[in-house]
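Single-letter residue listing:
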Amino acid sequence: MSEIKKINQDVLDDANKIFKLLGNPVRLQILYILSQEKLNVGSIAEILELEQSATSHQLSLLKEAQLVTSERDGKSIYYQLDDNHVSHIIEDTLKHVEHSQKHKK
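Residues numbered from 1 in each chain as written. Predicted model: local features only at pLDDT ≥ 70, side-chain atom pairs only at ≥ 80, totals over all residues. Heavy atoms only, no water.

Enquirer: Just to check I follow, could you spell out the sheet that holds strand 3 (residues 76–81) for this structure?
Expert: The pairing of strands in a sheet comes from backbone hydrogen bonds and takes either a parallel or an antiparallel form. Spatial strand order, 1-3-2: three strands in an open sheet with antiparallel pairing. Each edge of the open sheet is held by one strand with a lone partner, namely strand 1 (39–40) and strand 2 (68–73). Where strand 2 meets strand 3, six bridges bridge the pair, whose relative direction is antiparallel. When the bridges of strand 3 are listed, Arg72 appears paired with Ile77. (Pairing = 2+ DSSP bridges. Helix = DSSP H or I, 4+ residues; strand = E, 2+ residues; numbered from the N terminus.)

If you want it as structure tokens, here you go:
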């Protein structure tokens, strides 16, 4: 048998934090929305029918985990995914769910 590798503990801890963040439906929706377009807090809150303060809190957590970034444009702050890796995580997860649901039927 070839040598089986394990995930480095620091990487494992950080990956676990990301999966915990993705386990929240609101945060997952935010990431999915941001995979389509750069938006400000007010627009995201409106789309999700949430209070702006609740949306800001979720965005803060996602930004802390380096899943989203922000940039100021005048008085507004716009959020977007940090990089393509984040969109791949979301896309691959949704594709897997669709695949699993097809095979349940």
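So, next bit.
Enquirer: I keep staring at unusual backbone geometry and nothing clicks. Help me out?
Expert: Across the chain, the bulk of peptide bonds are trans and the bulk of non-glycine residues have phi less than zero. The phi dihedral of Glu49 falls on the positive side, at around 55°, and the residue is not glycine. Structurally, Glu49 can be placed in the loop between helix 3 (41–48) and helix 4 (52–64). Positive phi is not limited to glycine here, since Gln66 has a value of about 60°. On the secondary structure map, Gln66 appears in the loop between helix 4 and strand 2. A relative accessible area of 60% means that Gln66 is categorised as exposed. (Buried < 20%, exposed > 50% of the residue type's maximum accessible area, 1.4 Å probe, protein only.)

Enquirer: Mind showing me how you'd approach the environment of Gln52 here?
Expert: For Gln52, the position within the fold is in helix 4. Residue classification places Gln52 among the partly exposed residues on the basis of a relative accessible area of 48%. Each C-alpha atom, one on Gln52 and one on Lys75, is 16 Å from the other, the two residues being 23 residues apart in sequence. Sequence-distant contacts of Gln52, that is, excluding residues within four places in its chain, are made with Val41, Gly42 and Ala45. (Contact = heavy atoms within 4.5 Å.)

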